[in-house]
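One-letter residues, chain by chain:
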Amino acid sequence: QAQLVESGGGLVQAGGSLRLSCAASGSIFRINGMGWFRQAPGKQRELVATITSGGSTNYADSVKGRFTISRDNAKNTVYLQMNSLKSEDTAVYYCNAQTTRMDIYWGQGTQVTVSS
């Protein structure tokens, strides 16, 4: 069964750093785009960053200059390095993958809490 498994969330003080990882396992046909989304309590899920199989990246304005998305295509794994974290970054972070057949997969979510 195909799935995305996230890790790396936790509690960190404002100004600190965390690194999220998301590995695709099982039979996922040709992953194209991968990315990270987040959802804070009472808010809609929003895009954080995306990366194509060729390495092109896109970031939400709120995280530009602080977060870096990267991926290892051989391992079907995407990473999110989060630096200079702020309390407003507190949310559940979800990994996303889209295949060349336009199938979409989501991870189970990992909690990131930034204390001020």
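Notes on the structure in this doc start here. Fair warning: this is a prediction, and the values are worked out from it, not measured in the lab. (Residues numbered from 1 in each chain as written. Predicted model: local features only at pLDDT ≥ 70, side-chain atom pairs only at ≥ 80, totals over all residues. Heavy atoms only, no water.)

Take the pattern of salt bridges next. Here the structure, examined in full by the defined rule, presents five salt bridges. Between Glu46 and Arg38 there is a salt bridge; the shortest N-O distance is 2.7 Å. A relative accessible area of 37% means that Glu46 is categorised as partly exposed. Residues Asp103 and Arg101 are paired through a salt bridge, measuring 3.4 Å at the closest nitrogen-oxygen approach. Owing to a relative accessible area of 53%, Arg101 belongs among the exposed residues under this scheme. Among the charged side chains, a network of salt bridges with common partners joins Arg38, Glu46, Arg66 and Asp89. (Salt bridge = Lys/Arg side-chain N within 4 Å of Asp/Glu carboxyl O. Buried < 20%, exposed > 50% of the residue type's maximum accessible area, 1.4 Å probe, protein only.)

Now for the state of the cysteines. Two cysteines form a disulfide when their sulfur atoms are joined by a covalent bond. What the rule picks out here adds up to one disulfide. Here Cys22 pairs with Cys95 through a disulfide, and the sulfurs are 2.0 Å apart. Its torsion about the S-S bond being -80°, the disulfide of Cys22 and Cys95 is classed as left-handed. Pair noted here: Cys22 is in strand β3 (residues 18-25) and Cys95 is in strand β9 (residues 91-99), with a separation of 73 residues, a long-range link. (Disulfide = S-S within 2.5 Å. Helix = DSSP H or I, 4+ residues; strand = E, 2+ residues; numbered from the N terminus.)

So, on to the sheet that holds strand β8 (residues 77-82). Spatial strand order, β1-β3-β8-β7: four strands in an open sheet with antiparallel pairing. Every other strand in the sheet has two partners, leaving β1 (3-7) and β7 (67-72) as the edge strands with one partner each. On average, adjacent strands in this sheet sit at an angle of 15° to one another, irrespective of strand direction. (Pairing = 2+ DSSP bridges. Axes fitted to C-alpha atoms, helices over the stretch in contact; angles between N-to-C directions.)

Bringing unusual backbone geometry into the picture now. For Asn76, which is not a glycine, the phi torsion comes out positive at approximately 50°. Secondary-structure assignment places Asn76 in the loop between β7 and β8. Residue classification places Asn76 among the partly exposed positions, given a relative accessible area of 26%.

Summed over the entire model, instances satisfying the criterion amount to one aromatic pair. Arranged with centres 5.1 Å apart and planes meeting at 70°, the rings of Phe37 and Trp106 form a pair that is edge-to-face. Taken together, the residues Phe37 in strand β4 (residues 31-39) and Trp106 in strand β10 (residues 104-106) connect sequence positions 69 residues apart. When the ring centre of Tyr79 is taken as reference, the NZ or CZ atom of Arg19 above it lies at 4.1 Å. (Phe/Tyr/Trp six-rings, centres within 6.5 Å; stacked < 30°, edge-to-face > 60°. Lys NZ or Arg CZ within 6 Å of the ring centre and 35° of its normal.)

Turning next to the environment of Trp106. A residue is classified by how much of its surface remains accessible, and Trp106, at 37% relative accessible area, is partly exposed. C-alpha separation for the pair Trp106 and Val48, spaced 58 residues apart in sequence, amounts to 14 Å. When near neighbours in sequence (up to four residues on either side) are disregarded, Trp106 contacts Leu4, Phe37, Arg45, Tyr94, Cys95 and Asn96. (Contact = heavy atoms within 4.5 Å.)

A separate point is the nonpolar core. Counting residues in each nonpolar core, the largest one holds 30 residues, and the members touching the most others are Trp36, Leu80, Met82 and Tyr93. Broken down by secondary-structure element, the contributors of at least two residues to this core are β3, β4, β5 (46-51), β7, β8, β9 and β11 (110-115). (Core = buried A, V, L, I, M, F, W, Y, C linked by side-chain atoms within 4.5 Å.)

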